[in-house]
Amino acid sequence: IKIIQSERERLTKALRELGFVVPNSQANFLLARWPLANSAESLYKNLKRKFILVRYFSHPRLKQALRVTVGTPEQNNRLLRELKGLLKRR
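Residues numbered from 1 in each chain as written. Predicted model: local features only at pLDDT ≥ 70, side-chain atom pairs only at ≥ 80, totals over all residues. Heavy atoms only, no water.

## A closer look at the packing of helix α1 (residues 2–17) against helix α3 (residues 73–88)
The angle between the axes and the distance between the axes are what describe a pair of packed helices.
Item 1. At a closest axis distance of 11 Å, the pairing of α1 and α3 adopts a crossing angle of 5°. When the axes of α1 and α3 are compared, the pair comes out roughly parallel. Contact residues: Glu7, Arg10, Leu11, Ala14 and Leu15 in α1; Pro73, Asn76, Asn77, Leu79, Leu80 and Leu83 in α3.
Item 2. Split into classes, the residues belonging to the contact of α1 with α3 amount to seven nonpolar, two polar and two charged. (Axes fitted to C-alpha atoms, helices over the stretch in contact; angles between N-to-C directions. Helix = DSSP H or I, 4+ residues; strand = E, 2+ residues; numbered from the N terminus. Parallel < 35°, antiparallel > 145°, perpendicular 65-115°, else oblique. Contact = heavy atoms within 4.5 Å. Nonpolar A, V, L, I, M, F, W, Y, C, P; charged D, E, K, R; others polar.)

## Here we look at the sheet that holds strand β2 (residues 55–56)
Item 1. On the basis of which strands lie adjacent, the open sheet formed by three strands has the order β1-β3-β2 and antiparallel pairing. The open sheet has two edge strands, β1 (29–33) and β2, and neither has a second partner.
Item 2. Pairing geometry for β1 and strand β3 (residues 65–69), over five bridges, is antiparallel. Paired with Phe29 across the strands is Thr69, a residue of β3.
Item 3. Packed onto the sheet, α1 meets β1 and β3 and runs at close to 5° relative to β1.
Item 4. The sheet contacts of helix α2 (residues 39–49) involve β2 and β3, and relative to β3 the element is tilted by about 40°. (Pairing = 2+ DSSP bridges.)

## Some thoughts on the nonpolar core
Item 1. Formed by 22 residues in total, the largest nonpolar core has its most connected members in Leu11, Leu15, Phe20, Leu43 and Leu79.
Item 2. Sorting the residues of this core by element identifies α1, β1, α2, β3 and α3 as the ones contributing at least two each.
Item 3. When residues in this core are grouped by element, the largest group, five residues, is from α3.
Item 4. Residues within four places of Leu79 in sequence aside, it is in contact with Leu11, Leu47, Ile52, Val54 and Val68. (Core = buried A, V, L, I, M, F, W, Y, C linked by side-chain atoms within 4.5 Å. Buried < 20%, exposed > 50% of the residue type's maximum accessible area, 1.4 Å probe, protein only.)

Here it is in structure tokens:
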């Protein structure tokens, strides 16, 4: 539980630093909203190609968001590294 809590805090902070809007969470996942229209779907598809699975919802109220499960430190590091690379290309 302590590792999940610590990683959730670290992941929240890192996603916010990348520009995502991330509400505080007490769960083992985060809802990370990307402020640019239709970009969350593109991020989802590009992450999936790299075998990093996050949830994307096409519902109008959630189409700018990704649901990210808090993983191990290694998994979270990989997610953040790949997101940084994808966001640099925009």
